[in-house]
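# A structural walkthrough
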Amino acid sequence: KAGVTQTPRYLIKTRGQQVTLSCSPISGHRSVSWYQQTPGQGLQFLFEYFSETQRNKGNFPGRFSGRQFSNSRSEMNVSTLELGDSALYLCASSLAGRWQETQYFGPGTRLLVL
Amino acid sequence: GNSVTQMEGPVTLSEEAFLTINCTYTATGYPSLFWYVQYPGEGLQLLLKATKADDKGSNKGFEATYRKETTSFHLEKGSVQVSDSAVYFCALRGDQGAQKLVFGQGTRLTINP
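Along each chain, residues carry numbers from 1 onward, in the same order as the chain's sequence is written. Chain A is the first chain written and ligand 1 is the first ligand written, with later ones labelled in order. pLDDT decides what is reported in this predicted model: residues at 70 or higher carry local features, side-chain atom pairs at 80 or more are listed and counted, and totals for whole chains, interfaces and linings draw on all residues regardless. As a rule here, side-chain values cover all heavy atoms of the structure and leave hydrogens and water aside.

Turning next to the packing of aromatic side chains. Each aromatic pair joins two rings of Phe, Tyr and Trp (for Trp, the six-membered one) with centres within 6.5 Å, and gets the label stacked for planes under 30 degrees apart, edge-to-face for over 60, and tilted for any other angle. Applying the stated criterion to the full structure yields 12 aromatic pairs over all chains. Seen from their ring centres, Phe105 of chain A and Tyr36 of chain B are 5.2 Å apart, and the 85 degrees between their planes marks the pair as edge-to-face. In this pair, Phe105 of chain A sits in strand β10 (residues 104–105) while Tyr36 of chain B sits in strand β5 (residues 32–38), so the two residues belong to two different chains. Here Phe105 of chain A and Tyr36 of chain B have matching classes, each one buried. Relative to Phe103 of chain B, the ring of Phe89 of chain B has its centre 6.2 Å away and its plane inclined at 85 degrees; by these criteria the two rings are edge-to-face. Secondary structure follows DSSP: runs of H or I at least 4 residues long count as helices, runs of E at least 2 residues long count as strands, and numbering of each begins at the N terminus. The buried label goes to any residue with under 20% of its type's maximum accessible area, the exposed label to any with over 50%, and the partly exposed label to all in between, with areas taken from a 1.4 Å probe on protein chains only.

This part is about the environment of Gln6 of chain A. Turning to its location among the elements, Gln6 of chain A is positioned in strand β1 (residues 5–7). Each polar contact in these results corresponds to two N or O atoms within 3.5 Å; when the atoms are within protein, one needs to be able to donate a hydrogen and the other to accept it, and residues that are neighboring in sequence are counted only if both atoms are side-chain atoms. A polar contact of 3.1 Å, which involves the side chain of Gln6 of chain A, links it to the backbone nitrogen of Cys91 of chain A.

Turning to the interface of chain B and chain A, a few remarks are in order. Contact definition: two residues touch when any of their heavy atoms are within 4.5 Å. Listed per partner, the contact involves 22 residues of chain B and 20 residues of chain A. Buried area is a sum: the accessible area each of two parts loses on coming together, probed at 1.4 Å, counted once for each and added. Contact between chain B and chain A buries roughly 1,700 Å² in total, counting both sides, with carbon and sulfur atoms accounting for 54%. Note on definitions: salt bridges are taken to be side-chain nitrogens of Lys or Arg within 4 Å of carboxyl oxygens of Asp or Glu. Counting every contact that joins chain B to chain A gives 0 salt bridges. Sort the elements by how many residues they give to the side of chain B that touches chain A and β5 of chain B lands first, with 4 residues. Ten residues, namely Ala, Val, Leu, Ile, Met, Phe, Trp, Tyr, Cys and Pro, are considered nonpolar, four, namely Asp, Glu, Lys and Arg, are considered charged, and the remaining ones, Gly among them, are considered polar. When the residues that make up the side of chain B that touches chain A are grouped by side-chain class, the tally is 10 nonpolar, 7 polar and 5 charged.

Moving on to unusual backbone geometry. One can expect most non-glycine residues to show negative phi and most peptide bonds to be in trans. A cis amide bond links Thr7 of chain A to the next residue, Pro8 of chain A, at an omega of -10 degrees. Summarising the element assignment, Pro8 of chain A is placed in the loop between β1 and β2 (10–13). Of note, the amide linkage connecting Gly9 of chain B to Pro10 of chain B takes the cis form, showing an omega dihedral of -5 degrees. Within the secondary structure layout, Pro10 of chain B lies in the loop between β1 (3–6) and β2 (11–14).

Moving on, we get to the environment of Phe34 of chain B. Among the secondary structure elements, Phe34 of chain B is positioned in strand β5. A residue is classified by how much of its surface remains accessible, and Phe34 of chain B, at 1% relative accessible area, is buried. C-alpha separation for the pair Phe34 of chain B and Thr12 of chain B, spaced 22 residues apart in sequence, amounts to 22 Å. Non-local contacts of Phe34 of chain B, meaning those with residues more than four positions away in its chain, are made with Trp99, Glu101 and Thr102 of chain A together with Leu46, Leu48, Lys49, Phe73, Phe89, Cys90, Ala91, Arg93 and Leu101 of chain B.

Attention now goes to the state of the cysteines. Residue and element names in this part refer to chain A. Disulfides are defined as pairs of cysteine sulfur atoms found within 2.5 Å of each other. Tallied over the full model, the rule gives 2 disulfides over all chains. Two residues, Cys23 and Cys91, share a disulfide whose sulfurs are 1.7 Å apart. On the sign convention where negative means left-handed, the S-S torsion of about -55 degrees between Cys23 and Cys91 marks this disulfide as left-handed. Placement of the pair is Cys23 in strand β3 (residues 19–24) and Cys91 in strand β9 (residues 87–94), with a sequence separation of 68 residues. Judged by relative accessible area, Cys91 falls into the buried class, the value being 0%.

Think of a nonpolar core as a cluster: buried Ala, Val, Leu, Ile, Met, Phe, Trp, Tyr and Cys residues, connected wherever their side-chain atoms sit within 4.5 Å. Counting 26 residues, the largest nonpolar core has Trp35, Leu48, Phe73, Leu75 and Tyr88 of chain B as the members making the most contacts within it. Elements with a minimum of two residues in this core: β2, β3 (19–21), β4 (23–26), β5, β6 (44–50), β8 (62–65), β10 (86–93) and β12 (107–112) of chain B. Counting 21 residues, the second-largest nonpolar core is a separate cluster that includes Leu11, Leu21, Trp34 and Val78 of chain A.

Looking now at the pattern of salt bridges. Under the definition given, this model contains 8 salt bridges over all chains. The partner of Lys52 of chain B in a salt bridge is Asp55 of chain B, with the nearest N and O atoms 3.4 Å apart. In this structure, Asp84 of chain B and Lys77 of chain B form a salt bridge, with 2.8 Å as the shortest nitrogen-oxygen distance. Several salt bridges share partner residues, and in doing so they unite Arg63, Glu82 and Asp85 of chain A into one network.

As structure tokens, this is what we get:
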């Protein structure tokens with residue numbers, strides 16, 4: 001069974017631009033979560049989608065948004081990029097997002113904002 | 001809110017040494033506990049998990065026991081290898097409210113031959 005895939009793997013953008021990252025979950029998984037990883041803040045939860053609905057959201061500004069499609073694939077968008085948005089963005093999927101389920105992570109998209 | 005505290009790194013050991021990485025947590029209810037490992041340039045891989053008190057998770061020679069009385073989930077391995085060099089994250093997923101993963105700060109482990 002294929003794992004979680006994320007595209008692109010690397011991105012370079014400039015301040016003020018916007019970016020869209022994509023995540024394809026493991027087949028059959030309906031819950032997709034996004035995390036931001038930075039050296040200073042560590043791993044922080046962005047949001048979770050289940051059945052095309054945002055179920056939970058972390059403490060990030062409204063510039064960070066996401067969506068999920070009927071095939072469970074998810075995208076996240078960051079508008080008006082800031083230097084501090086440079087990070088590794090990780091997507092994780094699980095069957096239904098229940099607390100005892102394992103979340104399986106993709107390789108991440110490394111975003112550099114110049 | 002829920003939180004996870006890991007022992008600070010970096011940790012440097014010689015091959016075949018015994019490894020312990022401490023992890024304690026604060027959470028309401030009965031969270032699930034996880035250890036993830038991250039190799040350079042990669043995402044997170046699940047190493048092991050435990051979903052209830054006194055459960056022992058194990059994988060690839062690593063073990064961790066869910067201790068509710070001490071709110072701990074320490075990672076251990078009896079004999080480490082160079083290939084175990086990576087960053088290790090302890091995490092919990094609460095059973096109440098937003099059931100997101102909450103991570104510790106990570107512990108960088110380096111094993112010297």
